[in-house]
Amino acid sequence: MSLTLRGAAALVRPDDLPYEPDEALLAYHRDLLAPYGIEVDEDLMKQSRNIGFRELAEELMDRCPSPFGPPDLLILAYGLPDRYPLKTVTTRLNALFGGRSHSFAVSEQGLQAPFTALRVADAYTRSGKKASLALFVCEQTTLPYRDPLVHDTPLLDSGVLLYFDTDSRSGFRFTASRAAGADVPLGDLLAGHPTALPPGPTLLVAGPWPADDQLSGVDLPVHRCQPGGYCTSVWLDLARHHEQWATRYANLVLCDTDPRTGRSQLAVLTNAGAPEHREARP
């Protein structure tokens with residue numbers, strides 16, 4: 001059984017919500033940041049968009065074009081903290097879905113978090129369980145301190161909902177993932193992978209962070225994601241284009257390099273509806 005993409009939604013929020021002073025939240029941030037010599041900048045929060053994970057995730061649920069019931073697994077993946085770090089967004093989403101999902105978050109991994117979430121869900125299905133997965137990838141930019149990654153890039157408030165199940169007979173299914181340490185360039189990680197791909201035309205979907213020379217040596221057509229996303233980059237474009245890509249490609253290779261750590265990730269999705277793979281489904 002393989003996790004197959006059945007529906008997706010992408011969201012970028014360029015608008016602002018009013019700043020709401022919260023002394024308890026400010027005190028929490030002061031206690032958290034003081035040991036590192038960082039001062040809380042309330043003016044920076046006032047100037048930010050003030051859109052958190054809850055707002056992003058709930059709008060994504062409304063936008064997903066394919067209706068679906070409560071997922072077996074509900075995972076929130078993020079690389080930057082929420083504006084309200086003490087609120088458990090997965091619990092809120094689980095309640096909205098009916099409260100029957102296994103829900104948790106994957107964090108503290110930078111842009112690796114969604115790749116890890118897929119590996120976790122894949123391991124769950126490989127234990128012999130039929131399963132569905134609602135994977136939320138959220139990124140918000142309201143922070144109580146200046147972060148060059150957020151403010152100098154600049155990043156966008158964005159989110160993705162990817163719904164997978166093990167029953168669909170068409171769509172892209174998750175088949176493999178690989179990771180490399182900071183001492184292994186993305187080009188080297190990609191160079192060893194095409195030989196392991198199933199037959200058929202393949203598209204390389206690259207995030208905005210790898211240098212161009214890391215992609216030039218790969219003999220595949222490249223779709224380069226636009227700047228503005230850190231953890232959400234390749235997943236935004238997967239949500240936007242997966243139906244179109246399913247008519248043209250047998251495989252997708254999603255890859256990105258974390259600008260903070262230099263670690264690269266890739267995930268392979270294979271088109272279950274492509275002629276080369278219809279008879280090969282388990």
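Residues numbered from 1 in each chain as written. Predicted model: local features only at pLDDT ≥ 70, side-chain atom pairs only at ≥ 80, totals over all residues. Heavy atoms only, no water.

## Concerning the state of the cysteines
Working step 1: Under the criterion given, the structure shown has 0 disulfides.
Working step 2: Cys 255 forms no disulfide, and the closest cysteine sulfur to it belongs to Cys 225, at a distance of 8.6 Å.
Working step 3: By relative accessible area, Cys 255 is classed as buried at 0%. (Disulfide = S-S within 2.5 Å. Buried < 20%, exposed > 50% of the residue type's maximum accessible area, 1.4 Å probe, protein only.)

## Examining the pattern of salt bridges
Working step 1: Evaluated as defined, the whole model comprises 12 salt bridges.
Working step 2: For the salt bridge of Asp 152 with Arg 146, the shortest nitrogen-to-oxygen distance reads 2.5 Å.
Working step 3: The class of Asp 152 is partly exposed, set by a relative accessible area of 48%.
Working step 4: Here Arg 224 makes a salt bridge to Asp 212, at a shortest N to O gap of 2.9 Å. In this pair, Arg 224 sits in strand β8 (residues 222–224) while Asp 212 sits in the loop between β7 (202–206) and β8, placing the two residues 12 residues apart along the sequence.
Working step 5: The exposure class assigned to Arg 224 is partly exposed, which follows from its relative accessible area of 25%. (Salt bridge = Lys/Arg side-chain N within 4 Å of Asp/Glu carboxyl O. Helix = DSSP H or I, 4+ residues; strand = E, 2+ residues; numbered from the N terminus.)

## Description of the nonpolar core
Working step 1: The biggest cluster of nonpolar side chains holds 42 residues, and the ones touching the most others in it are Leu 133, Leu 135, Leu 162, Trp 235, Leu 238, Leu 252 and Leu 254.
Working step 2: Considering each element in turn, this core owes the most residues, 6 residues, to helix α8 (residues 233–246).
Working step 3: If near-sequence neighbours (up to four positions away) are discounted, Leu 252 is found in contact with Phe 172, Leu 203, Leu 238, Trp 245, Ala 267, Val 268 and Leu 269. (Core = buried A, V, L, I, M, F, W, Y, C linked by side-chain atoms within 4.5 Å. Contact = heavy atoms within 4.5 Å.)

## Thoughts on the layout of surface pockets
Working step 1: There is about 620 Å³ of room inside the largest pocket.
Working step 2: Taken together, 31 residues form the lining of the largest pocket, with Tyr 78, Leu 80, Pro 81, Asp 82 and Glu 108 sitting closest to its centre.
Working step 3: Ranked by residue count, the leading element in the lining of the largest pocket is helix α1 (residues 23–33), at 4 residues.
Working step 4: The residue makeup of the lining of the largest pocket, split by class, is 17 nonpolar, 8 polar and 6 charged. (1 Å grid on protein atoms, 1.4 Å probe; cavity = no way out; pocket = protein on both sides within 12 Å on 5 of 7 lines; lining within 4 Å. Points joined across faces, edges and corners; volume = space filled by probe spheres on them. Nonpolar A, V, L, I, M, F, W, Y, C, P; charged D, E, K, R; others polar.)

## Topic: α1
Working step 1: Of all the positions in α1, only Leu 25, Leu 26, His 29 and Leu 33 are classed as buried. The buried side chains of α1 occupy one side of the element, clustering within an arc of 100° when seen end-on. Away from its buried face by more than 90 degrees, α1 exposes Glu 23, Ala 24 and Asp 31.
Working step 2: In this structure, the buried residues of α1 make contact with α2 (42–47).
Working step 3: The residue sitting at the N-terminus of α1 and contributing the capping side-chain oxygen is Asp 22; that oxygen lies 3.1 Å from the backbone nitrogen of Ala 24. (Arc of directions from axis to C-beta. Polar contact = N/O pair within 3.5 Å; in protein donor to acceptor, adjacent residues only side chain to side chain.)

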